Amino acid sequence: KQEVTQIPAALSVPEGENLVLNCSFTDSAIYNLQWFRQDPGKGLTSLLLIQSSQREQTSGRLNASLDKSSGRSTLYIAASQPGDSATYLCAVPTTSGTYKYIFGTGTRLKVLA
Amino acid sequence: SQTIHQWPATLVQPVGSPLSLECTVEGTSNPNLYWYRQAAGRGLQLLFYSIGIDQISSEVPQNLSASRPQDRQFILSSKKLLLSDSGFYLCAWSGSGGYNEKLFFGSGTQLSVL
């Protein structure tokens, strides 16, 4: 059974720092991995989808990497800004042919001005 | 472009009352549709998913039900709410083109059962 873990649960950094968020999964037979952002009281916003055949994806100051063999993905945020403060979640689809997505519990990021 | 609408944004209901949350998707056809619940400080729990009309799967035994009366409409219902039904409910959709489709979420409904 696939399990997705995100550590740490919370992170505070000063503005301008580069930071890395971690996502681990137990079953390496994944099709893709998605990173999302959630602001308090809001829905989730898709940030990046990295397919199993890819090693990384970039969007602006965000870079997601995927290492299937080790069951890990990282989300790198360059030059962090207070507006980046949010909860970041990763998710993987199950491989059972049911199109279900399993989510990590998220990392709550606070960027201090 | 595709959009997803979910309403209401906030709902306060007494225990034992019925529930109906609605979600519609525009700009696509035959989407996969999902209902998730997010309890305070916890992860997302998948409640129902649907890959087509009349194809709805339940993930968690509970007093909730889901229906898909039209291709792009997904409804979450309950006949009698429990205190434990409180939470943040999220509707989501993905394309039907396979596993490498992104997942898109609605803005959520904060449900408080008192």
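Scroll up for the structure.
Residues numbered from 1 in each chain as written. Chains lettered and ligands numbered in written order. Predicted model: local features only at pLDDT ≥ 70, side-chain atom pairs only at ≥ 80, totals over all residues. Heavy atoms only, no water.

A.B. asks: Please set out the interface of chain B and chain A residue by residue, giving values where relevant.
C.D. replies: Facing the 22 residues of chain B at the interface are 25 residues of chain A. Buried surface at the junction of chain B and chain A, summed over both partners, amounts to about 1,900 Å²; 58% is from carbon and sulfur atoms. At the junction of chain B and chain A, the tally comes to one salt bridge. The partner of Lys100(A) in a salt bridge is Glu59(B), with the nearest N and O atoms 3.0 Å apart. (Contact = heavy atoms within 4.5 Å. Buried area = accessible area lost by both parts, 1.4 Å probe. Salt bridge = Lys/Arg side-chain N within 4 Å of Asp/Glu carboxyl O.)

A.B. asks: Go over the sheet that holds strand 8 (residues 72-77) of chain A with me, naming the residues and quoting the values.
C.D. replies: Read from one edge to the other, the open sheet built from five strands follows the order 1-3-8-7-6 (chain A), with strand pairing classed as antiparallel. Two strands in the sheet have a free side with no partner beyond their single neighbour: strand 1 (4-5) and strand 6 (56-59) of chain A. (Pairing = 2+ DSSP bridges. Helix = DSSP H or I, 4+ residues; strand = E, 2+ residues; numbered from the N terminus.)

A.B. asks: Before we move on, can you summarise the sheet that holds strand 3 (residues 19-26) of chain B with the specific residues and values?
C.D. replies: Residue and element names in this part refer to chain B. Read from one edge to the other, the open sheet built from four strands follows the order 1-3-8-7, with strand pairing classed as antiparallel. Two strands lie at the open edges of the sheet, namely strand 1 (3-7) and strand 7 (64-70), each paired on one side alone. Shown here is a sheet whose adjacent strand axes are inclined to one another by a mean of 15°, direction ignored. As paired elements, strand 1 and strand 3 share five bridges and run antiparallel to each other. Within the sheet, the bridge partner assigned to His-5 lies in strand 3 and is Thr-24. (Axes fitted to C-alpha atoms, helices over the stretch in contact; angles between N-to-C directions.)

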